[in-house]
2 protein chains.
Amino acid sequence: MRLLDISAIKSIIHNIGLTIFYQRLIKQLEEDFSQWHTFYKSPRHAIHYKHGVIELMPCSDDEFYSFKYVNGHPNNTAEGNLCVVAMGMLADVKTGYPLMITEMTFLTAIRTAAVAALGAKFLARKDCTKLAIIGCGAQSEFQAIAMQSVLPISQVNIFDIDTDAMNKFSNNLSENFKQITCCTSAIEAISDADIIITVTAANKNATLFSEENVARGTHIHAMGGDGPGKTELGTSLLKNSKLIVEYSPQSLVEGEIQQLDESYIHAELWEIINGLKTGRENNHEVTIFDSVGFAIEDYSILKVIYEISEELDCGTKVDLIPDIDNPKDLYGLLKQ
Amino acid sequence: MRLLDISAIKSIIHNIGLTIFYQRLIKQLEEDFSQWHTFYKSPRHAIHYKHGVIELMPCSDDEFYSFKYVNGHPNNTAEGNLCVVAMGMLADVKTGYPLMITEMTFLTAIRTAAVAALGAKFLARKDCTKLAIIGCGAQSEFQAIAMQSVLPISQVNIFDIDTDAMNKFSNNLSENFKQITCCTSAIEAISDADIIITVTAANKNATLFSEENVARGTHIHAMGGDGPGKTELGTSLLKNSKLIVEYSPQSLVEGEIQQLDESYIHAELWEIINGLKTGRENNHEVTIFDSVGFAIEDYSILKVIYEISEELDCGTKVDLIPDIDNPKDLYGLLKQ
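Sequence order as written defines residue numbering, which begins from 1 separately in each chain. A letter from A marks each chain and a number from 1 marks each ligand, given out in the order of writing. Restriction of local features to residues with pLDDT of at least 70 applies here, the model being predicted, together with a cutoff of 80 or more for giving and counting side-chain atom pairs; totals for whole chains, interfaces and linings are based on all residues. Side-chain figures throughout are based on the complete set of non-hydrogen atoms in the structure, without hydrogens or water.

The name an unreviewed UniProt entry gives chain A is Ornithine cyclodeaminase, with endosymbiont of Galathealinum brachiosum as the organism.

Next up, the structure:
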């Protein structure tokens, strides 16, 4: 059984390169979403406390079983801790034996951005060069690089109420894009964008910009509206766009669409990938991927990172499962 | 964050001694059961496959969050693998940060036996010296030693259809008990027993012995009846005994009581521990603890083993959580 800690994941990403890693992961995500009905899907298991939430997100097909442990503690930052940390496991369905335990704080940021890129591949115009990002938190750089791995993005407009966060973004990605512009408002940032990513942290019903601020033909990746009472877009924009979700029952609770009802959902992403419903049809319509995150996405990255760790022989081998000659003699093994 | 592998757990048990460990664990279990209403309890999450099951069992109070990953693959033995393996995690509820990952195949066997001993403490006669065990699989030795940690057991009668399994039990525990007798039938084994443990593996509705075979005053720890369609005792014996369960909604599906209905349940164990209902009242009644396993039990052993690992500084420190100065700069940490 393999253990991938922070340094193992960093070493894998450095070794392969984030862009190549994204391309491989996006391919896996597309394959897994296309096999939507072969997955055992179930709601996440959550325990809510006064000050946070702890969740288990299991997912499985007939080959691998995966789960992610993830928390959400908004007040952690004040103590110098991350609000969200995660770890995950992959197991062999045939035997039930665990194969790998891994950090998933980085992997969650990476898979979340890869899902955005997968959505854009089907929903954005192919000639997108200008990206706007509203919200420059921990997720923002991952989003920008993932989008660049599927589209010819050269310019990025960013906006955040925290100037330090914008500077951090600019510094981190100065070599990745021709031009990065720090803007003074969300509306300024999106004014000439082909793609908009909304990824703000405020836990409230916000309206970052209005329908009239959005140019025809834009694709919006709305990912900051991802919990009950946490939204970023107004209903007029939602109503007049082509709205795509991952999994309707979950999105109706957690996504932008919680403000409306199921009739405003055009499709689930897997339906577009499989050609059952149309993606983008012309250069004029506004598309919105109202993404909240789904356990299959964790499954996909756990599968990819497991394959890579086997190929490169990374991480540490750990003995968490007894290696036993006589399965009835567990006590004998303990006595040894 | 601490990782406890097989050798760390073995080293802890060798260091402390299994009997002393049981005493500490039984105390913790009693304390946790007595705080029954302070726990966030929820059904286990299970995915059923043609050839097995994979489960997540979460449990939490306001201090610690725990979960166990556990499988059940009856055909694994044919390939030289264990049918059931497990691993677990303990996290800090205040921050949501994981504190420990540990093997739980051994720990599950140990906590299951400790629960049996806790039940016997409240339900068996104090002067029990003769124990009968029906089924000599992986769990059997753990059960015997746990019982001995709370009661003056000196003789053990055992029966299993597999003679090798009985010999294994006798050899493993020859120094622990004055007398161990391999019997030729379950009825012979229980004929003069003060306590009976039923712990067979067959996945069917079985009747290991009948009501008339059981002496007055006996306590039966019925733990092999622990899944739908898997029982070990007949309804006449159940109806004429004082029957205790861990958690009625789960036991009515998985326990011996699945053959009857809720009206035959005398109490949940926590009610007896807290004095809300009576345990054993005299030396004549037959008591049955219809135990199926419950997530609080995993919580208790994870808490104890975490405390001990801190005291003894055992296991390995692993970096599964990013240690970050600026929580908004996850990408910067990856680039380093």
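K.L.:
Go over the relation of the copies chain B and chain A with me, naming the residues and quoting the values.
P.N.:
Its rotation angle being 180°, the transformation that places chain B on chain A also includes 0.0 Å of axial translation and leaves an RMSD of 0.0 Å. The symmetry that links the two subunits is that of a two-fold axis. Whether two residues touch is decided by their heavy atoms; if any such pair falls within 4.5 Å, the residues are in contact. In this assembly the copies share their binding face: 100% of the residues contributing to the interface of chain B also contribute to that of chain A. Only residues with pLDDT of at least 70 in both copies count here: their C-alpha atoms drive the least-squares fit that superposes the copies.

K.L.:
Describe the sheet that holds strand β5 (residues 86-92) of chain B, naming the residues involved and giving the relevant values.
P.N.:
All names here are of chain B. In this analysis, strands are considered paired if DSSP registers two or more bridges between them. A helix here means a DSSP run of H or I that spans at least four residues, while a strand means a run of E at least two residues long, and both kinds are numbered starting from the N terminus. Here seven strands make up an open sheet; going across it, the order is β2-β3-β4-β5-β6-β1-β15 and the pairing mixed. Two strands close off the open sheet at either side, each with one partner strand: β2 (45-49) and β15 (316-317). By the bridge criterion, five bridges tie β5 to strand β6 (residues 98-103) in an arrangement that is antiparallel. Following the sheet pairing, Leu90 is matched in β6 by Met100. Geometry is summarised by axes, namely lines fitted to C-alpha atoms with helices restricted to the contacting stretch, and by angles between N-to-C directions that run from 0 to 180 degrees. Against the sheet, helix α3 (residues 105-123) contacts β3 (52-60), β4 (64-72), β5 and β6, and its axis sits at roughly 85° relative to β6. Docked against the sheet, helix α10 (residues 295-312) engages β1 (2-4), β3, β4, β5 and β6, running at close to 115° with respect to β4.

K.L.:
A description of the environment of Gly119 of chain B should follow, citing residues and the corresponding values.
P.N.:
Residues and elements named next belong to chain B. In this fold, Gly119 is placed in helix α3. Exposure categories follow from relative accessible area, calculated using a 1.4 Å probe and restricted to protein chains: below 20% of the type maximum is buried, above 50% is exposed, and the middle band is partly exposed. Gly119 sits in the buried class, given a relative accessible area of 0%. In the structure, Gly119 is positioned 51 residues away from Lys68 in sequence and 22 Å away in space, judged by C-alpha atoms. When near neighbours in sequence (up to four residues on either side) are disregarded, Gly119 contacts Ala124, His219, Leu269 and Phe289.

K.L.:
I'd like a rundown of the domain arrangement of chain A, residues and numbers included.
P.N.:
Residues and elements named next belong to chain A. The assigned domain composition of chain A is domain 1 (2-107 + 295-322) and domain 2 (123-290). Residue-level contacts link 13 residues of domain 1 with 14 residues of domain 2. A quick way to say it: buried area is the sum, across both parts, of accessible area lost when two parts are put together, with a 1.4 Å probe. A buried area of about 1,300 Å², summed over both sides, lies between domain 1 and domain 2, and 67% of it is on carbon and sulfur atoms. Any carboxyl oxygen of Asp or Glu within 4 Å of a side-chain nitrogen of Lys or Arg constitutes a salt bridge here. Where domain 1 packs against domain 2, one counts one salt bridge. Here a polar contact is recorded for every N or O atom pair within 3.5 Å, except that within protein the pair must consist of a potential hydrogen donor and a potential acceptor, and residues adjacent in sequence are included only if both atoms are side-chain atoms. Across the contact surface, domain 1 and domain 2 share three residue pairs in polar contact (both at pLDDT 80 or more). Looking at which element gives the most residues to the side of domain 1 that touches domain 2, the answer is helix α2 (residues 18-34), with eight residues. Amino acids are sorted into nonpolar (Ala, Val, Leu, Ile, Met, Phe, Trp, Tyr, Cys and Pro), charged (Asp, Glu, Lys and Arg) and polar (every other residue, Gly among them). Of the residues that constitute the side of domain 1 that touches domain 2, the class distribution is six nonpolar, four polar and three charged. Where a domain begins and ends is set by an automatic assignment or by a domain database.

K.L.:
Break down the interface of chain B and chain A for me, citing the residues and quoting the values.
P.N.:
Each side of the interface is counted separately: chain B has 77 residues, and chain A has 78 residues. Summed over both sides, the interface between chain B and chain A buries roughly 6,700 Å², with carbon and sulfur atoms accounting for 70% of that surface. It is Lys328, Tyr331 and Leu334 of chain B that lose the most area in chain B upon contact with chain A, and together they represent 12% of the buried surface on that side. The interface formed by chain B and chain A contains two salt bridges.

K.L.:
Any chance you could break down the packing of α2 of chain A against helix α10 (residues 295-312) of chain A for me, citing the residues and the numbers?
P.N.:
Residue and element names in this part refer to chain A. It is at 9 Å that the axes of α2 and α10 come closest, and there the two elements cross at 130°. As far as their axial angle goes, α10 and α2 are oblique. The element α2 and its partner α10 pack so that their crossing is right-handed. Contacts between α2 and α10 pair Phe21, Arg24, Leu25, Gln28, Leu29, Asp32 and Phe33 from the former with Ile296, Glu297, Tyr299, Ser300, Ile301, Lys303, Val304, Ile305, Glu307, Ile308 and Glu311 from the latter. The class makeup of the residues in the contact of α2 with α10 is ten nonpolar, two polar and six charged. For this classification, under 35 degrees means roughly parallel, over 145 means roughly antiparallel, 65 to 115 means roughly perpendicular, and everything else is oblique. Helix crossings get a hand from a simple test, with the near helix turned counterclockwise from the far one by less than a right angle marking a left-handed crossing and a clockwise turn marking a right-handed one.

K.L.:
I'd like to hear about unusual backbone geometry, residue by residue, with values.
P.N.:
Residues and elements named next belong to chain A. With a phi angle near 50°, Asp313 is a residue other than glycine that sits in the positive phi range. Relative to the helices and strands, Asp313 resides in the loop between α10 and β15 (316-317). Residue Asp313 is classed as exposed on the basis of its relative accessible area, which comes to 54%.

K.L.:
Can you lay out the pairing of strand β6 (residues 98-103) of chain A for me, pointing to particular residues and giving the numbers?
P.N.:
The side chains of a regular strand alternate between the sheet's two faces. Residue and element names in this part refer to chain A. Burial within β6 is extensive, with six of its six residues counted as buried. Looking at chain direction, strand β1 (residues 2-4) and β6 are connected through three bridges and run parallel. Bridge pairing in β6 links Leu3 to Ile101.

K.L.:
Which residues make up the packing of aromatic side chains, and what values do they have?
P.N.:
Only rings of Phe, Tyr and Trp enter the pairing, Trp through its six-membered ring, and a pair is recorded when the two centres are within 6.5 Å. The plane angle decides the type: under 30 degrees is stacked, over 60 is edge-to-face, the rest tilted. All chains considered together, the criterion is met by 23 aromatic pairs over all chains. Ring centres of Tyr69 of chain A and Phe67 of chain B lie 6.3 Å apart, and the angle between their planes is 25°; on these two criteria the pair is classed as stacked. Of the two residues, Tyr69 of chain A is situated in strand β4 (residues 64-72) and Phe67 of chain B in strand β4; the pairing between them involves two chains. The class for Phe67 of chain B is buried, based on a relative accessible area of 0%.

K.L.:
Lay out the sheet that holds strand β7 (residues 130-134) of chain B with the relevant residues and their values.
P.N.:
Consider a sheet: its strands pair through backbone hydrogen bonds, and that pairing is either parallel or antiparallel. Residues and elements named next belong to chain B. Strand order in the open sheet made by the eight strands is β9-β8-β7-β10-β11-β14-β12-β13, with parallel pairing throughout. Only two strands of the sheet have a single neighbouring strand rather than two, namely β9 (179-182) and β13 (267-268). Pairing analysis gives five bridges linking β7 to strand β8 (residues 155-159), with the strands arranged parallel. Paired with Ala132 across the strands is Asn157, a residue of β8. Across the sheet, helix α4 (residues 140-150) lies against β7, β10 (195-198) and β11 (219-222), angled at about 160° from β7, the strand it touches most. Lying on the sheet, helix α5 (residues 163-173) is in contact with β7, β8 and β9; it crosses β9 at an angle near 175°.

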